[in-house]
Amino acid sequence: MFKTNKDMPPCAMSLADMSHNKTGSWRTFKPVLDENKCIKCFICWKFCPENSIDIENDMPKINYDYCKGCGICSNECPKKCIEMVEE
Amino acid sequence: MKKVVTGNYAASYGAKVSRAEVVAAYPITPQTQIVEKIASFVANNEMDAEYIKVESEHSAMAACVGASAAGCRAYTATSAQGLALMHEMLHWAANARLPVVMANVNRAMGPPWTVWTDQNDSLSQRDTGWLQFYCENSQEVFDTTIQAYKICEKIGLPGMLVLDAFILSHTSEPVEIYDQDRIDKFLPKYNPRYKLEPSETHAFGGLTTPEWYYELRYKIQSAMDEGLKEIESVGKDFGKMFGRKYGLIEKYRCDDIDTLLVMSGSTASTGKEVIDRLRDNGERIGLARMRVFRPFPKQEMRKLAEDVNKIIVIDRNISFGNEGIFFSELKSALYNENTDIPVYGFIAGLGGRDITMKDIEGMIKKADGKPKDIIWWGLK
Amino acid sequence: MKLTIPGEELMGHGNLSCQGCGGSLAMRYALKALGRDTIAVIPACCWSIIDGPFPYSCLKIPVFHTAFETAASAASGVSAAMKIKGKKTTVLAWAGDGGTFDIGIQALSGAAERGDNIIYICYDNEAYMNTGIQRSSATPYGAWTTTTPAKKFKSAPKKNMVEIMVAHKIPYTATACIAYPEDFIKKIKKAKGFQGTKYIQVLAPCPTGWRYDPAKTIELSKMAVESGIYPLYEVENGIYKISRKAKNKTVKEYIKMQGRFSHLTGEVIDEMQKNVDKEWELLIRKEEFYGHTKE
Ligand SMILES: Cc1ncc(C[n+]2csc(CCOP(=O)(O)OP(=O)(O)O)c2C)c(N)n1
Ligand SMILES: [Mg+2]
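Reading the values: the criteria
Residues numbered from 1 in each chain as written. Chains lettered and ligands numbered in written order. Predicted model: local features only at pLDDT ≥ 70, side-chain atom pairs only at ≥ 80, totals over all residues. Heavy atoms only, no water. Pairing = 2+ DSSP bridges. Helix = DSSP H or I, 4+ residues; strand = E, 2+ residues; numbered from the N terminus. Axes fitted to C-alpha atoms, helices over the stretch in contact; angles between N-to-C directions. Near = heavy atom within 4 Å. Polar contact = N/O pair within 3.5 Å; in protein donor to acceptor, adjacent residues only side chain to side chain. Phe/Tyr/Trp six-rings, centres within 6.5 Å; stacked < 30°, edge-to-face > 60°. Buried < 20%, exposed > 50% of the residue type's maximum accessible area, 1.4 Å probe, protein only. Lys NZ or Arg CZ within 6 Å of the ring centre and 35° of its normal. Contact = heavy atoms within 4.5 Å. Donors = N, O, S within 2.8 Å, 3.2 Å for Na, K, Ca; no water. Right-handed = clockwise from strand over helix to strand, strands pointing away.

1. Concerning the sheet that holds strand β5 (residues 101-106) of chain B
Residue and element names in this part refer to chain B.
Part 1 of the reasoning: The strand order β3-β2-β4-β5-β7-β6-β13 describes an open sheet built from seven strands, whose pairing is mixed. Each edge of the open sheet carries a strand with a single partner, namely β3 (50-52) and β13 (292-294). The sheet shows a mean angle of 20 degrees between the axes of neighbouring strands, direction not considered.
Part 2 of the reasoning: Bridging between strand β2 (residues 22-24) and strand β4 (residues 74-79) involves two bridges; their strand directions are parallel.

2. Quick look at the site of ligand 1
Part 1 of the reasoning: Taken together, 18 residues lie around ligand 1, and C:C46, C:G98, C:G99, C:Y123 and C:N130 are the ones closest in.
Part 2 of the reasoning: Nearby residues around ligand 1 are contributed by chains B and C.
Part 3 of the reasoning: Within the contact set of ligand 1, an oxygen atom lies 2.8 Å away from a backbone nitrogen or oxygen of C:G99.
Part 4 of the reasoning: Contacts to ligand 1 include C:N130, whose backbone N or O atom sits 2.7 Å from an oxygen atom.
Part 5 of the reasoning: Sort the elements by how many residues they give to the shell around ligand 1 and helix α4 (residues 97-102) of chain C lands first, with three residues.

3. Points about the packing of aromatic side chains
Part 1 of the reasoning: Enumeration according to the criterion identifies 24 aromatic pairs over all chains in this entry.
Part 2 of the reasoning: When the ring of B:Y13 is compared with that of B:F41, the centres are 5.1 Å apart and the planes differ by 65 degrees; the resulting orientation is edge-to-face. Pair noted here: B:Y13 is in helix α1 (residues 7-17) and B:F41 is in helix α2 (residues 32-43), with a separation of 28 residues, a long-range link. One exposure class covers both B:Y13 and B:F41, and it is buried.
Part 3 of the reasoning: Judged by centre distance (6.3 Å) and plane angle (75 degrees), the ring pair of C:F68 and C:Y128 falls under edge-to-face. With a gap of 60 residues between them, C:F68 in the loop between β2 (63-65) and α3 (71-84) and C:Y128 in the loop between β4 (118-124) and α6 (161-167) connect regions that are remote in the sequence.
Part 4 of the reasoning: Accessibility expressed as a relative area gives 25% for C:Y128, which makes it partly exposed.
Part 5 of the reasoning: Aromatic ring contacts, followed pair by pair, group B:F142, B:Y178, B:F186, B:F238, B:F242 and B:Y246 into a single cluster.
Part 6 of the reasoning: The cationic tip of B:K16 hangs over the ring face of B:F41; the distance from NZ or CZ to the ring centre is 5.3 Å.
Part 7 of the reasoning: The ring of B:Y9 carries the charged tip of B:K37 above its face, separated from the ring centre by 4.7 Å.

4. Describing the sheet that holds strand β15 (residues 343-347) of chain B
All names here are of chain B.
Part 1 of the reasoning: Reading across from one edge, β10-β12-β11-β14-β15-β16 is the order of the six strands in this open sheet, with mixed pairing throughout. The open sheet has two edge strands, β10 (249-252) and β16 (375-376), and neither has a second partner.
Part 2 of the reasoning: Both strand β14 (residues 310-315) and β15 contribute to a ladder of five bridges, which runs parallel. Bridging from a neighbouring strand, I314 pairs with F346 of β15.
Part 3 of the reasoning: This element, helix α11 (residues 325-335), spans β11 (259-263), β12 (285-290), β14 and β15 of the sheet and lies at about 150 degrees to β14.

5. Considerations on the coordination of the magnesium ion (ligand 2)
All names here are of chain C.
Part 1 of the reasoning: Protein-derived coordination of the magnesium ion (ligand 2) comes from D97 (OD), N125 (OD1) and A127 (O), at a distance range of 1.9 to 2.1 Å.
Part 2 of the reasoning: Spacing between the donor residues of the magnesium ion (ligand 2) along the chain follows D-x27-N-x1-A. With D97 in helix α4 and A127 in the loop between β4 and α6, this residue pair connects regions lying 30 residues apart in the sequence.
Part 3 of the reasoning: A relative accessible area of 1% means that D97 is categorised as buried.
Part 4 of the reasoning: The class of A127 is buried, set by a relative accessible area of 4%.

6. Considerations on the pairing of strand β6 (residues 131-134) of chain B
Residue and element names in this part refer to chain B.
Part 1 of the reasoning: Side chains of β6 alternate between two faces, with L131 and F133 and Q132 and Y134 buried alike.
Part 2 of the reasoning: Between β6 and its parallel partner strand β7 (residues 159-164), the chain crosses via helix α6 (residues 138-155), and the hand of that crossover is right-handed.
Part 3 of the reasoning: In the sheet, β6 pairs with β13 via two bridges, with the strands oriented antiparallel. In the strand pairing of β13, F133 is matched with V292.

Right, dumping it as structure tokens:
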């Protein structure tokens, strides 16, 4: 972001968010949603610590750019329709 | 308007007229009156400030830091043990580039318990990134509070003004309190470019790797360099506005001299009396009163040293295992310029022992021959 | 389908928490409850890292990173600044259990006694996790940490910080748990309605430090509440109210899911169960007693 100290703010101050940090690369297992079985309770969305399950067209959509693969969504899904698949 | 006030009250009035918005402080002898007075100002609506009666000095500085980060002018006052307890947060204030201003009443460190003056409390905070002003009298305490805000807010560093326990803190002197409108003109409202502000969402002070930490420290040093100029120009402007001019070093009768005496704080007043007496006897001696210790006025000191052939430093402090601190710093400023004149370092007055005219004259007389690294004056 | 918690996300992507971090979830929920007009003060804790390195931050609110023991005192300063500026911005002190129960307790007690207008949320992962799982005074009896090795596991009970805060007679104190985000969010919103210091302690399990599969974070958190080990309750102006009455799981079921308790024998576990039952009983009595005094 900076070339020299002259480009920097006077103190350590954030100037951008963390979206450049694609934490999806940390994953070893990947959650895969079976949309046919999903009852749209959005419990997976609610319990995602990465805020990486979006809601699109009334359906949970896993954001693999940031999903760290913790498996909470799969564990909490009442219909067991999110499977953890090895990457 | 002139008011007869103690050094402590001069500090309280300084905070008031500077319109400090958040005060967070904890009592300690001999600083207590500063905060008592501010408490009464706030209670009587004479001062529009939030006074947080914190439960410790560590919290006092943390609260000042928080308030300053949120864009307020913050003030505190302390002494000795209290200043030592603040240490971690002194770094925080400076490294976060927050222009908090505080008064520190110079009191010797315990144990043993003591309440009398020396400079080891403030000088122990030398490397925290705070500007340090050593005041000689109550007027200077008042004036420097106003100037410190102006300087510190310009360069983005905190500033500490220092006054001697009792000799200054509890001694009443007439102090001129200027009109508030003129002070407001000199010191406008604090409005930093960056602050804690929901519409801007910056995070301050997050984890910083070796990639940029180093540059941030360079920026503090640059700000200190800027501070040297700022102290002079603000001191000059202050003189134009209020009739009292200030700088980095006060040169007292330093024209046409061969010996320079270096002192700081209220004892410099005694030093001036001695200089007067010696000058009347035809001796060519003058006094440099170190008003500012950080940033250290190297160039000024070198210039003074050029025209003399002997320097005598009286330190009311000691860096254990080395020597007097002003003495050390002064010598190191001269070294790279090959200024090869004898510098004599005296330790005197620790823990509030009087430094009398006779003592000062004695030290001047003793400064002869090959200089020693340390001379304990008046040791029993 | 209607969402049971607010949809707005003020914790952005790419944070640095471990997989399955309870502290990360806690922050996500807290900001949903508080909204954009909030300033956070964060002392040394996992969240000093999770937020992201300079010049980045994953949070969409202003943050002041401060020294370990100064969450409350720095927040007091920010709060005073808001007051003098006439702003209604919520000041959130967000600290770990170490920063709250241990090194920051003095500053917190000071702020609470003065009634400084802040919401203090302690995300409780029951140890110093940032520095690599050392015991804190929030670590429960029996637990392994790197400074309480299995052979000499933690022999002191968890400090009852919630009751310490209640004893300050602040307007609102509550416990919460990340497995019950609706309850947590409701409590934060309620806290926002009070003037003075509000304290919420949210259980936020740490898979790394507690030694369990990250996928189990919510399941385990629920178990902590359902076993009565971490009861959910609130104390509003001195009146106790238990948020979840059911106590239908055992200590044994809870601790067998976690590596940090794997060294414990049946006897010790029985002792722990007795203590939990006693504390639960006491809480019910408090609710009854203060409920009566209300009438
Ligand atoms: C004065 C001081 N002592 C020690 C530390 C080192 N330190 C940083 S975070 C931390 C532990 C934090 O524990 P907790 O508050 O529970 O937060 P967690 O890391 O678990 O999120 C310690 C000991 C420090 N930063 N400052
Ligand atoms: Mg912790």
